[in-house]
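Single-letter residue listing:
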Amino acid sequence: MKLHIDTAPVWEVYRQDHECPLCAINDRVEAASVEYFLGDSVMEPSQRIEVNEKGFCARHFKLMFDAGNRLGLALMTHTYMKNTLKWLEQNAGRAVAAAEAGRPVLKRVIGKKGYGLAVCGDEVLALEDRCVMCERIRDNMQRYIYTILYMYKHEPEFPGLLEGSKGMCLRHYAETLKMAPEHLSGEALKRFVRTLSRLETDNLQRVADELEWFTRKFDYRNEDKPWGNSRDAVERSLNKLRGHIV
Ligand SMILES: [Zn+2]
Ligand SMILES: [Zn+2]
């Protein structure tokens, strides 16, 4: 995979203090994507075609709604809806036919799809999983994970900076592990995986301890003891487990 390298944002987030530096980048990429889809992309034909076909997931519809450009969102949503309606008419036709043919619960027949109500329902549910913005963010994040691996190999200062970081959220840790052997090999790969895995377990342990202290602070015997780092331990625990959600 040949990817464009942009090291500046990675240097920046690794010099700051984040439970997951990749989540910090993800937040920026997502905010820029919301702006992009509500801005110029509305007029761009190739982008419109993709939006009409895939639409957005619940989270990204909501973020665009909150961003306040009602007209831009209305234009995109209207053409996506027309497209969806055309598809839905066929899906609904298959549902009625399945019920009338007396095979309402048919799921899959070997090799080809048999249309029963379960399949029709699953197809409608699958609409929720398609999202042009998720795809765009995923592509960007792949590029940043690649950049981290590239910097680990080529930037002498970066491994030290990584060593001093707080690991990542579980998702970004997993994605980085999966991508590592595509770009690192031999000793560098071993060293990288050792470092990353130790950072992940050590820091999950640290946050777990901080969370435990948070719960123990509610015991009257600990009332006067210092909070330490535990005041925001609940937020940081959720973000460590599931990415930057709160
Ligand atoms: Zn993350
Ligand atoms: Zn999405």
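Let us look at the structure shown here. The residue numbers shown here count from 1 along each chain, following its written sequence. Following the order in which they are written, the chains are lettered starting with A and the ligands numbered starting with 1. The predicted nature of this model means local features are confined to residues of pLDDT at least 70 and side-chain atom pairs, given and counted, to a pLDDT of 80 or more, with totals for whole chains, interfaces and linings taken over all residues. Values reported for side chains reflect all heavy atoms of the structure, with hydrogen atoms and water molecules removed beforehand.

1. Some thoughts on the nonpolar core
Membership of the largest hydrophobic core comes to 43 residues, with the highest contact counts inside it found for F56, M64 and F158. Where each domain starts and ends comes from a domain assignment, either automatic or drawn from a database. Residue contributions to this core reach at least three from each of two domains, namely domain 1 (19–132) and domain 2 (144–242). By definition in these notes, contact holds between two residues if any of their heavy atoms fall within 4.5 Å. Those residues within four positions of F158 in sequence are excluded, and the remaining contacts are V10, W11, Y14, I148, M151 and Y152. Among the buried residues, those of types Ala, Val, Leu, Ile, Met, Phe, Trp, Tyr and Cys that are joined through side-chain atoms within 4.5 Å form a nonpolar core. Only protein chains enter the calculation, and the probe is 1.4 Å; a residue is then buried if its accessible area is under 20% of its type maximum, exposed if over 50%, and partly exposed in between.

2. Thoughts on the coordination of the zinc ion (ligand 1)
Only N, O and S atoms count as donors, using a 2.8 Å cut-off from the metal and 3.2 Å for Na, K and Ca, and because water is excluded some sites may appear unfinished. Within the protein, C20 (SG), C23 (SG), C169 (SG) and H172 (ND1) serve as the donor atoms for the zinc ion (ligand 1), at 2.0 to 2.3 Å. Around the zinc ion (ligand 1), the 4 donor atoms are arranged such that angles at the metal cover 100 to 116 degrees; this shape is classified as tetrahedral. Along the chain, the residues donating to the zinc ion (ligand 1) are arranged with the sequence spacing C-x2-C-x145-C-x2-H. Comparing C20 with C23, the two get one shared label, buried. Only four donors with every angle between 85 and 135 degrees are called tetrahedral; only four or six donors with opposite donors over 155 degrees apart and all others between 65 and 115 are called square planar or octahedral, in that order; all others are irregular.

3. Some details on the coordination of the zinc ion (ligand 2)
Around the zinc ion (ligand 2), the donor atoms from the protein are C57 (SG), H60 (ND1), C131 (SG) and C134 (SG), and they sit 2.0 to 2.3 Å away. Written as a sequence motif, the donor arrangement for the zinc ion (ligand 2) is C-x2-H-x70-C-x2-C. Highlighted residues: H60 in helix α4 (residues 58–67) and C131 in the loop between α6 (117–126) and α7 (132–154), separated in sequence by 71 residues. Secondary structure elements are taken from DSSP: a helix is a run of H or I of four residues or more, a strand is a run of E of two residues or more, and numbering for both begins at the N terminus.

4. Thoughts on the pattern of salt bridges
Definition used for salt bridges: Asp or Glu carboxyl oxygen within 4 Å of a side-chain nitrogen of Lys or Arg. Across all of its chains, the model carries 20 salt bridges by this definition. Taking the shortest distance from any N to any O, the salt bridge between R236 and E19 comes out at 2.9 Å. Of the two residues, R236 sits in helix α11 (residues 233–242) while E19 sits in the loop between α1 (8–15) and α2 (21–38), which places them 217 residues apart along the sequence. Of the residues examined, R236 reaches a relative accessible area of 13% and is grouped as buried. The exposure class of E19 is buried, given its relative accessible area of 14%. Of the charged contacts, one joins D66 and K62 as a salt bridge, the two residues approaching to 2.7 Å between their closest N and O atoms. You can see D66 and its partner K62 sitting in helix α4, 4 residues apart, about one turn around the helix. On the accessibility criterion, D66 (46% relative accessible area) is partly exposed. What emerges from the salt-bridge pattern is a single network uniting E19, R206, E210, D232, R236 and K240.

5. As for the packing of aromatic side chains
The rule is short: rings of Phe, Tyr and Trp, with Trp giving its six-membered ring, pair when the centres are within 6.5 Å, and they are stacked under 30 degrees, edge-to-face over 60, tilted in between. For the structure on display, the rule yields 10 aromatic pairs. For the ring pair Y36 and F37, a centre distance of 5.1 Å and an interplane angle of 80 degrees mean the geometry is edge-to-face. What makes F37 buried here is its relative accessible area of 1%. Pairing F61 with Y80 gives two aromatic rings, centres 6.4 Å apart and planes at 50 degrees, and the pair type is tilted. Highlighted residues: F61 in helix α4 and Y80 in helix α5 (residues 70–100), separated in sequence by 19 residues. According to the relative accessible area criterion, Y80 is buried, its value standing at 12%. Three or more aromatic residues joined by ring pairs form one cluster here, namely Y36, F37, F56, F61 and Y80. Seen from the ring of F65, R70 lies directly overhead, with NZ or CZ sitting 4.0 Å from the centre. Cation placement over rings: the criterion is NZ of Lys or CZ of Arg within 6 Å of the ring centroid and within 35° of the ring normal. Positioned above the aromatic ring of Y36, the side-chain terminus of R136 is 3.8 Å from the ring centre.

Shape is all these values report; function is a separate question.
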